[in-house]
Amino acid sequence: MEEIYAKFVSQKISKTRWRPLPPGSLQTAETFATGSWDNEENYVSLWSIGDFGNLDSDGGFEGDHQLLCDIRHHGDVMDLQFFDQERIVTASSTGCVTVFLHHPNNQTLSVNQQWTTAHYHAGPGSPSYSSAPCTGVVCNNPEIVTVGEDGRINLFRADHKEAVRTIDNADSSTLHSVTFLRTPEILTVNSIGQLKIWDFRQQGNEPSQILSLTGDRVPLHCVDRHPNQQHVVATGGQDGMLSIWDVRQGTMPVSLLKAHEAEMWEVHFHPSNPDHLFTCSEDGSLWHWDASTDVPEKSSLFHQGGRSSTFLSHSISNQANVHQSVISSWLSTDPAKDRIEITSLLPSRSLSVNSLDVLGPCLVCGTDAEAIYVTRHLFS
Amino acid sequence: MEELDGEPAVTVIPGVNSKKNQMCFDWGPGEMLVCETSFSKKEKSEMVPSCPFIYIIRKDVDVYSQILRKLFNESHGIFLGLQRIDEELTGKSRKSQLVRVSKNYRSVIRACMEEMHQVAIAAKDPASGRQFSSQVSILSAMELIWNLCEILFIEVAPAGHLLLHLLDWVRLHVCEVDSLSADVLGSENPSNHGSFWNLVTILVLQGRLDEARQMLSKEADASPASAGICRIMGDLMRTMPILSPGNTQTLTELELKWQHWHEECERYLQDSTFATNPHLESLLKIMLGDEAALLEQKELLSNWYHFLVTRLLYSNPTVKPIDLHYYAQSSLDLFLGGESSPEPLDNILLAAFEFDIHQVIKECSIALSNWWFVAHLTDLLDHCKLLQSHNLYFGSNMREFLLLEYASGLFAHPSLWQLGVDYFDYCPKLGRVSLELHIERIPLNTEQKALKVLRICEQRQMTEQVRSICKILAMKAVRNNRLGSALSWSIRAKDAAFATLVSDRFLRDYCERGCFSDLDLIDNLGPAMMLSDRLTFLGKYREFHHMYGEKRFADAASLLLSLMTSRIAPRSFWMTLLTDALPLLEQKQVIFSAEQTYELMQCLEDLTSRRPVRGESDIQQLQDEDIETTKVEMLRLALARNLARAIIREGSLEGS
C-alpha cells in the first residue's frame, strides 16, 4: 500500500465515485467523479488517472490524477452516483436531483435532467414549501431512487419528468442512505438506527420490514449490500460501529464490529471480491477489512499497520447455514475461527474521510482536508 | 498600549464617499461591516443621498485564494504532526525532527509557489496575471525568510557549517543561473557565447567552483593563448579549502589552510599574472574578497544578501553566528550605497541576522497579507523553545495570539472552519473560549454539517454548544413539521423542556386526528423515554394502544389508570384517557375491579370539580361544553354500571 497518491484540490470533497466499466471490458478503472460540499461554489468534477506520460505539462508524475472537466452544482453535493457510462446523478442539499451528461468528445459536463423540488418540507398548515436536503440517491438503470431529510422516498425514471412514485412521510426521522436490495425492493437507513425494506409493488407508505439496532437508537449513516449474496447487508453508524445484517432472518444485526471512533460515512463491499470491505469515517481513517478465508497465516492477529477487531456478536444465524455450499464469511460469527484483518490505508489521520469507492484494484477517497487519495494497487 | 509601528495603511472602499458623508462600522470576527450614514460631515441637518450598500471588509484576504487553500490544508497536517512531537525528545533527535518539519513547511510553500507561477503564466488577462505574479513573489519571499530562520534558529549551525548553509540558501533563491548555464552550454561554441563570462562570474559568486572550472577548461580549449592562465585559475579554484560536511578537520586547521590559499591568490594578483585577461583578473579579485570588485558585479549578485554571503565566503569563511549581524548591516549599506532605502524584506532578513526573532515576526506580521506565515513560523520557533519568556500584555503569549488570529481567519471563511478547530485546540489559554464562540456561529444548512459540528463539540465536552446546536435543529424540524426529527434532536441534547414541548405537539395532533404520526420513532423510544414526564407519558400511552390492540385488556386498563393516578398524564389529557376507558368499561367481562373503578371515579370528579367557571361564553364554547357534559354523563353511567358489575362479581367470587 505504498502507492497512494494525494492531491489537494481546494474544495472539500463529499463524494467520490468510479465510472463503471463497460460490460466485458478488461480495462482497469481510470475515470472518477467527485462532488464538493460546504464551499461558496460547489462543483461536480470528473478526473482521470490515465497515463499522460510526457504530455503532462505541470510536472505531475504517473498516478497523479488530472481534472478532466467540472460543472457548478447548486448546493452541497450530498450524494453522487453514475447512472451509466455517461450520466451522473447528484443529490443536492437544496433538495434538487440532477442528472449530468458527460460529453467525452470535448470534455464537458452539462445538465441533462433535473427534478428541482424532489425533497421539501411542507410548512405547518401553510402551502409554502421549503426545500429539504436530499441525502441519498441510488441508480439501477432506468430507475433512480432518492431519499431526504424530509423522510420522503422518490422513485424517478430517467425518461420521466415527474416522479414515478413518491412515498411521503416514509420515515419520521431523516433518511441517510438508500440502496437496492433486489428490484423492486430498496433498503433505507435512518437517524434512529432503523433499517427499512420497501417494496415498490406494495401500495401505501409502510415498509415491508423494519430491522433495528436495539436500545440506543444510534443513527445509521450508510448501507451497502453484498454484491452476490443479496441478503447480506452492511451498515455504518454514528458511533463508528460496523453492523452486518442478514435481512432474511431476525430484526437485529448478525454482528456488530467495533470500528471507527466517529461517524462511519460510507461502507462498501468490494464489487468483485466481496470478502473485502472498505469503510471511512469522520475520524479521518479509511479501513480495509479482509475476511477472506484463504489468507495465509490466518492465526497472526496483527500484521503491519493492521489491528484486529473486537467482536460483539449476536449469534443468531450461523449453525443453520453450515451445510450450505456457500457461506458468507461476513455472517460467520465465531470470533476465534475467523479473524477479520483490518488495515488502515491512510498514512496520517486528520479531517474526515467523507467518501470512498472501490473498483477492481483501484480505490479513491475524498476528505474534508480537501485532498483526493487514489491507489491503483489495492491487493498488492 | 504599545506605540504604533508606523502609519496604518489606508484602505479605500470603492463607491463610498468618506469625504462627504460620515461612515459607520461594526467589528466582526476577522471582518468588518462598513456603510455610509446619511449624515453629511459639515451640516448636520442636510441629508445627502448616500451609497446604498453595506460593505464587508476582510482583513485576511489570502484565506480566499483558491491556490493558497492548498497551503492551508496541507500545512494543517504538518502543524498537527508538530504538536504531537514528543516533548520528551531532546538533543539531536528533537532537532532533526524540527528541521524536518520546517523543511516540510517550506516544500509546501514551494509547491504552492510553483502552481501559482503556472497559473500566472496561463492567465489570460494581464491584470490577474500580475496579481498572481505578485502572489508568487510574496510566497517566494516567505520561503526565503523561512529558510533563513531555519538555518539560524532551528539548525543553529556552528561557525564554518553556517556558511555552507547560507550558500545553499543563496543558491536556492538566486536560481537564474541554471537557465543561463543551459543556454550557454547548449550553444555551439560556449566560450564565444555573449553571456559566457557572466555565467562563470555567477558560478564563482555562488561558490560553485567545480562548475566554474569546467567552464574555464572550455575557454582553454577554445583559445590556446589563454590556456596557461586558465589552468592556473582552475588550480586556484580547485585548491580552495572548504569545509565538507563529512570532513573531520578542525576549524583551526581550515583557517590555516585558507590563509595560505588566500596569500597565494594575493601573490598572483601582485604578479599581475592575469593582467592579460580582465575577466580572469576580476574573478581573482572576487576570490580575494575585494569589496569593490564584488560591488562591480551588483547586477549579477542581484541583492544584498547574495553580496553578504559571497563576501563572507571569500573573506571570512568561518564566520561565527554572533558576528553575522555586523557583516549583514555593512553589506546592506554597501550594496544599497545610499541610493535606495531598505524594503520590508530587507529589514526582516536583517532582523533575522541580528537573531532578533520578535522583530522578524513583527515585521512579517506588518508586511504580509496573511497570518499563516507568522502563526506557523512562531509555533515552530516556540517548539524550539526560543520564545518562552515573551508574554504579551493581553494575556496570552505571542504564539497563541498569532494562532488565534490565524484560526479566526479560517473560521470567517465559509468552508475552512474545520481546519481552525485544530488550531484552537492547541491554544491552551484562550483556544477553548474562542472555539466556543466561533462554533456556534457556523451556519447549519444540512444535518450532515450539523453532525460534523456536533462531533467537534462532543469530542471536547462542550455540552453547552451541543445543547444549543441540537436545539436549533429541533426548532428547525418543528418549523418544518418534522416532529419525529425534532424529538430525536431533543433526546440527543437531553433537553427535557423541548422534549415536553414536542410530546405535547404529538398529543395535540393525536387529539385532533385520532391517530399518531411517526410511530416508528415513538414505539422505539427505549430508555430515552425517561427524559421528560411528558415523553414518558407519550411512550406509555402508545404502549396502552399496543396492549389494547393485542386485546390484553386487563394490562391496558391498569396502565391507563396508573397514568392518571401517578400524575404522569397532563390533566388536560385526562378526559381523553377517560374516554379511552369507555370501551373497556363496556366490555362483556369486567376489566376494572371495584377498587380501580373508584379510582377512575375519583379522577373524573377531580377533573370536573376543578373546571374553571367562565363568565361570558359564546355559542361555540357553549356547544363545546355541551359535548363535554354529555361525555361526563356517559362516563358516570359507564363507571356506575361497571362498579355494580364488579361488586357483584367480586362478591360472588368471594362467596363461592
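Owing to the predicted nature of the structure, the values given are computational and were not obtained by experimental measurement.

Reading the values: rules and limits
- Residues numbered from 1 in each chain as written.
- Chains lettered and ligands numbered in written order.
- Predicted model: local features only at pLDDT ≥ 70, side-chain atom pairs only at ≥ 80, totals over all residues.
- Heavy atoms only, no water.
- Helix = DSSP H or I, 4+ residues; strand = E, 2+ residues; numbered from the N terminus.
- Buried < 20%, exposed > 50% of the residue type's maximum accessible area, 1.4 Å probe, protein only.
- Areas by Shrake-Rupley, 256 points an atom, 1.4 Å probe, with all protein chains shown as cover.
- Pairing = 2+ DSSP bridges.
- Axes fitted to C-alpha atoms, helices over the stretch in contact; angles between N-to-C directions.
- Phe/Tyr/Trp six-rings, centres within 6.5 Å; stacked < 30°, edge-to-face > 60°.
- Lys NZ or Arg CZ within 6 Å of the ring centre and 35° of its normal.
- Parallel < 35°, antiparallel > 145°, perpendicular 65-115°, else oblique.
- Contact = heavy atoms within 4.5 Å.
- Nonpolar A, V, L, I, M, F, W, Y, C, P; charged D, E, K, R; others polar.
- Core = buried A, V, L, I, M, F, W, Y, C linked by side-chain atoms within 4.5 Å.
- Buried area = accessible area lost by both parts, 1.4 Å probe.
- Salt bridge = Lys/Arg side-chain N within 4 Å of Asp/Glu carboxyl O.
- Polar contact = N/O pair within 3.5 Å; in protein donor to acceptor, adjacent residues only side chain to side chain.
- Domains from an automatic or database assignment.
- pLDDT = per-residue confidence, 0-100.
- Patch = residues over 30% accessible without salt bridge, like charges linked within 9 Å, V, L, I, M, F, W, Y side chains within 5 Å.
- Disulfide = S-S within 2.5 Å.
- Left-handed = near helix turned anticlockwise from the far one by under 90°.

Secondary structure summary: chain A contains zero helices and 32 strands in total. For chain A, with 380 residues in total, the buried portion stands at 62%. As displayed, chain A has an accessible area near 15100 Å², and 48% of this comes from carbon and sulfur atoms.

Residues and elements named next belong to chain A. A sheet is described by the order of its strands in space; here four strands give the open sequence 1-32-31-30, paired in antiparallel fashion. Looking at which strands have only one partner, the edges of the open sheet turn out to be strand 1 (4-8) and strand 30 (353-359). Each adjacent strand pair in this sheet contributes to an overall mean axis angle of 15 degrees, direction not counted. Looking at chain direction, strand 1 and strand 32 (residues 371-375) are connected through five bridges and run antiparallel. If you follow Ala6 over to strand 32, its bridge partner there is Tyr373.

Another point: the packing of aromatic side chains. If you walk through the whole model with that rule in mind, you get 34 aromatic pairs over all chains. For the ring pair Tyr105(B) and Trp146(B), a centre distance of 5.0 Å and an interplane angle of 50 degrees mean the geometry is tilted. You can see Tyr105(B) sitting in helix 2 (residues 91-122) and its partner Trp146(B) sitting in helix 3 (residues 126-155), a full 41 residues away along the chain. The same class applies to Tyr105(B) as to Trp146(B), namely buried. The interplanar angle of 10 degrees and the centroid separation of 6.0 Å between the aromatic rings of Tyr541(B) and Phe544(B) together place this pair among those described as stacked. Remark: Phe544(B) and Tyr541(B) occur in helix 26 (residues 533-549); sequence separation between them is three residues, near one turn of the helix. There is no split in this pair, since Tyr541(B) and Phe544(B) are both buried. It is Lys12(A) that lies over the ring of Trp37(A); its NZ or CZ is 4.7 Å from the centre. Taking the ring centre of Tyr120(A) as reference, the NZ or CZ of Arg152(A) above it sits at 3.9 Å.

Moving on, we come to the packing of helix 3 of chain B against helix 17 (residues 372-383) of chain B. Residues and elements named next belong to chain B. Running from N to C, helix 3 and helix 17 cross one another at 10 degrees; their axes reach a closest spacing of 12 Å. By the criterion of interaxial angle, the relationship of helix 3 to helix 17 is roughly parallel. Facing Met142, Ile145, Trp146, Cys149, Phe153 and Ile154 of helix 3, the residues of helix 17 in contact are Trp372, Phe373, His376, Leu377, Leu380 and Leu381. Of the residues assigned to the contact of helix 3 with helix 17, the class counts are eleven nonpolar, one polar and no charged.

Further remarks concern the environment of Trp261(B). Examined against the element boundaries, Trp261(B) turns out to sit in helix 9 (residues 251-270). For Trp261(B), a relative accessible area of 3% corresponds to the buried category.

We now examine the nonpolar core. The biggest cluster of nonpolar side chains holds 215 residues, and the ones touching the most others in it are Trp169(B), Trp304(B), Phe353(B), Trp372(B), Phe373(B) and Ile439(B). Among the elements that take part in this core, helix 3 of chain B stands out by supplying twelve residues, more than any other. Not counting residues within four places of it along the chain, the set of residues in contact with Trp169(B) comprises Leu144(B), Asn147(B), Leu148(B), Ile151(B), Tyr305(B), Val309(B), Leu349(B) and Phe353(B). In this structure, Val232(A), Ile244(A), Ala259(A) and Phe269(A) belong to the second largest nonpolar core, which totals 19 residues.

At the junction of the two partners, chain B supplies 40 residues and chain A supplies 47 residues. Where chain B abuts chain A, roughly 3600 Å² becomes buried across the two surfaces, and 45% of that area is made up of carbon and sulfur atoms. The largest share of the area that chain B buries against chain A comes from Lys452(B), Arg455(B) and Arg482(B), three residues that together contribute 19% of it. Along the contact surface separating chain B from chain A lie five salt bridges. Of the charged contacts in the structure, one is a salt bridge between Arg455(B) and Glu263(A), with a shortest N-O distance of 2.9 Å. Summed over the shared surface of chain B and chain A, the number is 29 residue pairs in polar contact (both at pLDDT 80 or more). At the level of secondary structure, the elements contributing two or more residues to the side of chain B that touches chain A comprise helix 1 (66-83), helix 19 (417-425), helix 21 (447-459), helix 23 (483-492) and helix 25 (519-522) of chain B. At eight residues, helix 1 of chain B tops the list of elements feeding residues into the side of chain B that touches chain A. Tallied by class, residues from the side of chain B that touches chain A come to twelve nonpolar, 14 polar and 14 charged.

A few words on the pattern of salt bridges. Under the definition given, this model contains 44 salt bridges over all chains. Note that Arg17(A) and Glu266(A) form a salt bridge whose closest N and O atoms lie 3.1 Å from each other. You can see Arg17(A) sitting in strand 2 (residues 13-18) and its partner Glu266(A) sitting in strand 24 (residues 264-269), a full 249 residues away along the chain. The salt bridge involving Asp168(B) is made with Arg171(B); its shortest N-O contact spans 3.7 Å. Taken together, the residues span about one helical turn, with Asp168(B) and Arg171(B) both in helix 4 (residues 161-173) at a distance of three residues. Under the relative-accessibility criterion, Asp168(B) is labelled partly exposed at 44%. On the basis of relative accessibility, which here comes to 27%, the residue Arg171(B) falls in the partly exposed class.

Take the sheet that holds strand 12 (residues 134-140) of chain A next. The strands that make up a sheet pair up through hydrogen bonds in the backbone, lying either parallel or antiparallel. All names here are of chain A. Taken together, four strands build an open sheet; the order of strands is 12-13-14-15 and the sheet is antiparallel. Single-partner strands in this sheet number two, and they are strand 12 and strand 15 (165-167). Strand-to-strand twist of the sheet, defined as the mean angle between neighbouring strand axes without regard to direction, takes the value 15 degrees. Bridge analysis of strand 14 (residues 153-157) against strand 15 gives three bridges, and the strand direction is antiparallel. Among the inter-strand pairings, Leu155 is bridged to a residue of strand 15, identified as Arg165.

Let us now look at unusual backbone geometry. A negative phi angle characterises most non-glycine residues, just as the trans form characterises most peptide bonds. Cis geometry marks the peptide bond from Asn141(A) to Pro142(A), where omega comes out at 5 degrees. In this fold, Pro142(A) is placed in the loop between strand 12 and strand 13 (143-148). Although it is not a glycine, Lys385(B) adopts a positive phi angle of roughly 60 degrees. Mapped onto the secondary structure, Lys385(B) falls in the loop between helix 17 and helix 18 (398-412). In this structure, Arg567(B) is a non-glycine residue whose phi angle is positive, near 65 degrees. Residue placement: Arg567(B) occurs in the loop between helix 27 (553-565) and helix 28 (574-585). Note on Arg567(B): relative accessible area 46%, which makes it partly exposed.

Here we come to the domain arrangement of chain B. We note that the domain assignment places domain 1 (20-58), domain 2 (167-318), domain 3 (442-549) and domain 4 (565-608 + 619-655) within chain B. The distance between the C-alpha centroids of domain 2 of chain B and domain 3 of chain B comes to 79 Å.

Residue and element names in this part refer to chain A. This prediction gives chain A a mean pLDDT of 83; 83% of its residues lie at or above 70. Taken together, the stretch residues 52-61 has pLDDT below 50 and engages in five contacts with residues farther than four places along the chain or on a different chain. Residue range residues 295-326 is modelled with pLDDT below 50. Its contacts to residues more than four positions away, or to other chains, number 64 contacts.

What follows deals with a nonpolar patch on the surface. Residue and element names in this part refer to chain B. A cluster of nonpolar side chains, namely Leu33, Ile54 and Ile56, defines an oily patch on the protein surface of about 300 Å² accessible area. Within the fold, Ile54 resides in strand 3 (residues 54-58). In this structure Ile54 comes out as exposed when scored by relative accessible area, which is 61%.

Another aspect to go through is the state of the cysteines. Residue and element names in this part refer to chain A. Taken as a whole, this structure holds zero disulfides over all chains when the rule is applied. A disulfide-free cysteine, Cys222 has its sulfur positioned 7.4 Å from the sulfur of Cys280, the nearest such atom. Among the residues examined, Cys222 registers a relative accessible area of 3% and is labelled buried.

On to the packing of helix 9 of chain B against helix 10 (residues 278-287) of chain B. All names here are of chain B. At their nearest, the axes of helix 9 and helix 10 sit 10 Å apart, and the two run at 150 degrees to each other. For the pair helix 9 and helix 10, the sense of crossing is left-handed. From helix 9, Trp261, Cys265, Tyr268 and Leu269 reach across to helix 10, where they touch Leu284, Lys285 and Met287. Considered class by class, the residues forming the contact of helix 9 with helix 10 number six nonpolar, no polar and one charged.

This brings us to helix 23 of chain B. With ten of ten residues buried, helix 23 of chain B is to be regarded as a mostly interior element. Packing partners of the buried residues in helix 23 of chain B comprise helix 21, helix 22 (463-479), helix 24 (496-513), helix 25 and helix 26 of chain B.

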